[in-house]
Amino acid sequence: MDLIQSYSDGGSDGPQSPHSSPDSSPIRILPAKSSAPQVDDTMLALTVAQSNLARNKPIDPVQHLVSYNPTYDQLWAPIQGPAHPYAKDGIAQGMRNHKLGFVEDAAIESFVFDEQYNTFHKYGYAADPSASTGFNYVGDIDALQKNDALSVYNIPQQEQKRRRLEKKRKEQEEGGGAEVEGGDGFDPAEVDNPATDSWLLKNKKSPWYGRKEGPQPELTEEQKKYAEEHAKKKEEKGAEKADAVPDRSTFHGKEEKDYQGRSWIAPPKDAKPANDRSYIPKRLVHTWSGHTKGVSAIRFFPKYGNLILSAGMDTKVKIWDVFNTGKCMRTYMGHSMAVRDISFSNDGTKFLSAGYDKKIKYWDTETGQVISTFSTGKIPYVVKLNPDDDKQNILLAGMSDKKIVQWDMNTGQITQEYDQHLGAVNTITFVDNNRRFVTSSDDKSLRVWEFGIPVVIKYISEPHMHSMPAISLHPNSNWLAAQSLDNQILIYSTRERFQLNKKKRFAGHIVAGYACQVNFSPDGKYVLSGDGEGRCWFWDWKTCKVHRTLKCHDGVCIGVEWHPLEQSKVATCGWDGLIKYCIGLLDTLPIPVPGTRFLLYPLESTQLGRPSALKNLH
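Residues numbered from 1 in each chain as written. Predicted model: local features only at pLDDT ≥ 70, side-chain atom pairs only at ≥ 80, totals over all residues. Heavy atoms only, no water.

1. Some points on the overall build of the protein chain
Consideration 1: What the protein chain contains, in helices and strands, is 9 helices and 33 strands.
Consideration 2: Buried positions account for 36% of the 618 residues belonging to the protein chain.
Consideration 3: For the protein chain, long-range pairs separated by at least 24 residues make up 44% of all intrachain contacts whose partners lie at least 6 apart in sequence.
Consideration 4: In the structure as shown, the protein chain presents an accessible area of about 39,400 Å², 52% of it carried by carbon and sulfur atoms. (Helix = DSSP H or I, 4+ residues; strand = E, 2+ residues; numbered from the N terminus. Buried < 20%, exposed > 50% of the residue type's maximum accessible area, 1.4 Å probe, protein only. Contact = heavy atoms within 4.5 Å. Areas by Shrake-Rupley, 256 points an atom, 1.4 Å probe, with all protein chains shown as cover.)

2. Observations concerning the pattern of salt bridges
Consideration 1: Following the criterion strictly, the structure yields 15 salt bridges and no others.
Consideration 2: Notably, a salt bridge pairs E256 with R330, separated by 3.2 Å at the nearest N-O pair. Remark: R330 occurs in strand β8 (residues 328-333) and E256 occurs in the loop between β3 (248-251) and β4 (283-288); sequence separation between them is 74 residues.
Consideration 3: For E256, a relative accessible area of 35% corresponds to the partly exposed category.
Consideration 4: Note on R330: relative accessible area 3%, which makes it buried.
Consideration 5: In this structure, E366 engages K257 in a salt bridge whose closest nitrogen and oxygen atoms are separated by 3.1 Å. With E366 in the loop between β11 (360-364) and β12 (370-374) and K257 in the loop between β3 and β4, the pair connects residues that are 109 residues apart, well separated along the chain.
Consideration 6: When its relative accessible area of 42% is taken as the criterion, K257 is described as partly exposed.
Consideration 7: Residues joined by salt bridges that share partners form a network here, namely D432, R435, R436 and E450. (Salt bridge = Lys/Arg side-chain N within 4 Å of Asp/Glu carboxyl O.)

3. Observations concerning the pairing of strand β9 (residues 339-344)
Consideration 1: In terms of residue burial, β9 counts as a mostly covered element, since 5 of its 6 residues are buried.
Consideration 2: Examined bridge by bridge, β9 and strand β10 (residues 350-355) share 5 bridges and lie antiparallel to one another. Pairing of I342 across the sheet is with S353, part of β10.
Consideration 3: Joining the antiparallel neighbours β9 and β10 is a turn of 5 residues, in which G348 adopts a positive phi near 80 degrees. (Pairing = 2+ DSSP bridges.)

4. Some details on the nonpolar core
Consideration 1: With 21 residues, the main nonpolar core has W288, I298, I308, V322, I579 and Y581 as its most contacted residues.
Consideration 2: Of all elements in the fold, only β4, β5 (295-300), β30 (569-574) and β31 (579-583) reach the threshold of two or more residues within this core.
Consideration 3: Beyond its immediate chain neighbours, meaning those up to four positions away, I298 contacts I308, L309, S310, I342, G559, E561, A571, T572, C573 and I579.
Consideration 4: The next biggest cluster of nonpolar side chains, apart from the first, holds 17 residues, and it includes F251, V339, I342 and W363. (Core = buried A, V, L, I, M, F, W, Y, C linked by side-chain atoms within 4.5 Å.)

5. Looking at the environment of I579
Consideration 1: Within the secondary structure, I579 is located in strand β31.
Consideration 2: For the pair formed by I579 and T287, sequence separation is 292 residues and the distance between their alpha carbons is 5.7 Å.
Consideration 3: With sequence-adjacent residues up to four places away left out, I579 is seen in contact with H286, T287, W288, V295, I298, I308, S310, W320, T572 and C573.

6. Observations regarding the side chain of H421
Consideration 1: Looking at where H421 falls in the secondary structure, it is placed in the loop between β16 (413-418) and β17 (425-431).
Consideration 2: A polar side-chain atom of H421 sits 2.7 Å from a polar atom in the side chain of T439.
Consideration 3: Here the side chain of H421 touches R447 through a polar contact of 3.1 Å, side chain to side chain. (Polar contact = N/O pair within 3.5 Å; in protein donor to acceptor, adjacent residues only side chain to side chain.)

7. Here we look at the side chain of S296
Consideration 1: Examined against the element boundaries, S296 turns out to sit in strand β5.
Consideration 2: A polar atom in the side chain of S296 sits 2.7 Å from the backbone oxygen of V339.
Consideration 3: Excluding residues within four positions of it along the chain, S296 makes contact with A311, M313, V339, R340, I558 and C573.

8. Considerations on the environment of P268
Consideration 1: The topology assignment puts P268 in the loop between β3 and β4.
Consideration 2: Between the alpha carbons of P268 and F323 there is a distance of 8.7 Å; along the sequence they are 55 residues apart.
Consideration 3: Each residue touching P268, except ones within four places of it in the same chain, is listed here: N306 and F323.

Okay, structure coming up:
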């Protein structure tokens, strides 16, 4: 403005406007302009004042926002003052480690604690363990003063004196009036000689010595009843041990020999494979119902399958006709408890049975006689004969005490024990031309053994593995199918490394908690297994896909067996006490002959679906 003013005044030499003059107009000063908005800083000043005031106070622990930077002392200042009466926690969290407050461990001996605990319950007072100095007591102070702070473990002087006098009186009565106190009344030489009665009277230690046996107190009614029941149970248990179940059998057929003198177990001469390949069964054709309790295992007669053997939880073993009548042929009774496992010999003339009565019996299939009995005092879970024809006298049994016991049945002696497992042994499977065998156990592992050598040559155990209570060998002998309790079937190679085949896994069924058997079709094309819901599952070996499921039992379907000759027939057993026989449709339609008419009977016929079920009518 000064420059403008000076420019308007000109100068002595500068030009001047004709209308300008020094007194023509007053000097005008324009007000200053600002583009910033007006801000009311009253609240800011108030906040700053409050912040400055709050810096000198501790922070409220329940607030979630702090408008300034607190100091370390403010953050860690202790909470003081009374607790809020309506707060959820009457005690600050830092002062409690229990729902009732703060609990501290007291350094007190167990004997002292028991003494004070019992004293409090008897007299009503006890020493205060929190007292650092002196003897402070809690409880009934009047009783404390009356008993002179006596505990249950402290005997008063008067009581001690009374007991001492009573003891002296009894000793005098027993010693004929002689005084024992201080050895008075005895010869010093006799007192020092341990062989004399004086030494015995002087040094007797037993607290029951010299006590007179008074009359026995009468038992209450409840005690008498308990004593009678205990004696009765003891007698029954002894009677069970003394009265063993006799070995016997009952034949249910018409005759044991036919008109040609052939035994009833002899397979038919014309028995041969019906088909070149296996087919999955589709329908139920027969049911065997002879067991009064569940059926734990079934086995077809070797090579021919004309008979089927079943082990029941009703302590009985039964054998059934498959080809002709479909009836029970013989019942074997010799076990006193449920039968766990059964196994045929190679020719089927003999079989083994293992029961929960801790016995293994070797039966003659035809006559029903027990050839020999074996036992180690433990429960046998699985029994197996050596598959070699020249070693049919070798018996292997997996026991509940983690051992595999090997017997020579000719001599009845134990020839070997394999004891590397850490749990009960569930399965025994021979591989590699019967030179080795694989065992599974409750310890969730597989172990491979050389036959006759109690040293593990292969140990398979992984963190993800479950127990495998059932194992079956593939018909080509190159693979093992193991039923795992995590609801899947795992495949292991039987070659040198015994590796898990990760590409083959069969799942979909529910077997957790049940030792459901797994098996193969005779040509190895299908895998089958029971499950805990009574179904029978069929998988394709190559694709691992489920082909079909059949509802066979009301309870658990524990065992499945594929017929060795009739490749489309499967037998199953379950805990409902039934044995089911399923068949494929191809077995019901024989090859038609010109000039012959056929009458198709229902599939539930007792002829079990063989071509004889279709009567030829000429």
